[in-house]
Structure formats: structure tokens, C-alpha cells
Amino acid sequence: ELLKKAGKITDILEVEEKIRVIREEIEATEGRLKLLNDQVSYSTINLNFYQTFEHNPIDKPGFLHRMGNAFSGGWQGLLGFIVGIAYAWPLWLILGIGGTILYKFIHRMIKK
């Protein structure tokens with residue numbers, strides 16, 4: 001429409017120059033838009049998570065402390081063994097009576 005209204009050749013050249021500039025801007029903008037679309041489609045998101053922990057160093061017991069624990073544990077083990085033997089009193093009673101009867105039986109057999 002501007003070209004139809006332009007009467008002189010200089011006006012026509014001026015209108016064509018403005019159209020060329022506008023087309024260059026449009027093409028540059030389209031190129032930039034295409035580049036941004038490509039970057040978005042190939043984009044990578046790097047996401048790092050981290051959690052902080054409180055460090056509480058644990059003191060390791062020394063030699064004497066460990067030896068004390070060993071003697072205490074040994075004593076507790078001995079007491080547990082004795083208590084276990086006491087829990088088995090019916091077995092000891094049956095074995096005692098059975099042994100006595102067996103002894104008397106074998107002793108009588110030998111005398112005959």
C-alpha cells in the first residue's frame with residue numbers, strides 16, 4: 001500500500017529500504033526464537049541435594065576400660081552358667097537316682 005502511495009522513485013526506494021530493515025529484524029527475531037527453542041528442547045537441569053549431619057565423634061575405650069569390661073563380662077558369664085546348671089535340677093535328680101539304681105544293679109550282678 002505504501003508503494004502504491006509513493007509517487008517518486010526516492011519514496012519507493014525509501015519504502016523498500018524500510019521494508020528490508022523490518023524483514024531483517026523479523027528474520028533475526030525468528031532465528032533467535034528458533035535458537036532459544038532448540039536450547040530449551042536440549043536443556044539439562046542439574047539439581048543437587050545435600051543434607052548436613054552433626055558429627056559426634058565417639059571416644060573409643062582404652063585398654064584398661066576394655067579389660068574391665070572383659071572381666072565383668074566373664075564374671076556375668078560364669079554366674080549365668082551356674083544359674084543354668086541350677087535350672088537343670090530335675091535332670092540332675094533323674095540322673096542321680098538312675099545312676100544309683102544302675103550302680104546297685106551292677107554291684108548285685110557282680111556279687112552273684
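Residues numbered from 1 in each chain as written. Predicted model: local features only at pLDDT ≥ 70, side-chain atom pairs only at ≥ 80, totals over all residues. Heavy atoms only, no water.

**What about the overall build of the protein?**
This is how it is decided: Runs of E in the DSSP output that reach at least two residues are strands. Runs of H or I that reach at least four are helices, and both are numbered from the N terminus. This radius of gyration counts C-alpha atoms alone. The globule rule is 2.2 Å times how many residues there are, raised to the power 0.38. For every residue, the accessible area obtained with a 1.4 Å probe (protein chains only) is divided by the maximum for its type, and the residue is called buried under 20%, exposed over 50%, and partly exposed between those limits.
Within the protein one finds four helices and zero strands. Start at the N end of the protein and walk to the C end: the helices and strands fall as α-α-α-α. The C-alpha radius of gyration of the protein comes to 52 Å, more than 25% above the 13 Å expected for a compact globule of 112 residues. For the protein, the C-alpha atoms occupy an extent of roughly 155 × 45 × 20 Å along the three principal directions. Burial statistics for the protein: of 112 residues in total, 2% are counted as buried.

**Here's the deal with the confidence of the model for the protein**
Put simply, the rule reads: Known as pLDDT, the predictor's per-residue confidence is scaled from 0 to 100.
Scored by pLDDT, the protein comes out at a mean of 87, with 96% of its residues at no less than 70. Per-residue pLDDT, averaged within each element of the protein, yields its smallest value for helix α1 (residues 2-5) (68) and its largest for helix α4 (residues 89-111) (92).

**So, the environment of Gly99**
Within the element layout of this structure, Gly99 appears in helix α4. By relative accessible area, Gly99 is classed as partly exposed at 34%. For Gly99 and Ile82, which are 17 residues apart along the polypeptide, the C-alpha to C-alpha distance reads 22 Å.

**Quick look at the pattern of salt bridges**
For clarity, the cut-off: Salt bridges are identified by distance alone: a Lys or Arg side-chain nitrogen within 4 Å of an Asp or Glu carboxyl oxygen.
Tallied over the entire structure, the rule returns four salt bridges. A salt bridge links Arg20 to Glu17; the nearest nitrogen and oxygen atoms lie 2.2 Å apart. Separated by three residues within a single helix, Arg20 and Glu17 lie in helix α2 (residues 9-41), roughly one turn from each other. When its relative accessible area of 38% is taken as the criterion, Arg20 is described as partly exposed. Classification of Glu17 by relative accessible area gives partly exposed; the value is 38%.

**Quick word on the packing of helix α3 (residues 63-87) against α4**
Let me state the cut-off plainly: Helix axes are fitted only over the stretch in contact, all axes being lines through C-alpha atoms; the angle between N-to-C directions runs from 0 to 180 degrees. By the definition adopted for this analysis, an angle is roughly parallel if under 35 degrees, roughly antiparallel if over 145, roughly perpendicular if from 65 to 115, and oblique otherwise. We call two residues contacting when some pair of their heavy atoms lies within 4.5 Å. Residues are grouped as follows: Ala, Val, Leu, Ile, Met, Phe, Trp, Tyr, Cys and Pro are nonpolar; Asp, Glu, Lys and Arg are charged; every other residue, Gly included, is polar.
Look at α3 against α4: their axes get within 5 Å of each other, and the N-to-C directions meet at 55 degrees. What the angle tells us is that α3 and α4 run oblique. Every residue of α4 that contacts α3 at Ile85, Ala86 and Tyr87 is listed here: Trp89, Pro90 and Trp92. Looking at the contact of α3 with α4 residue by residue, the classes come out as six nonpolar, no polar and no charged.

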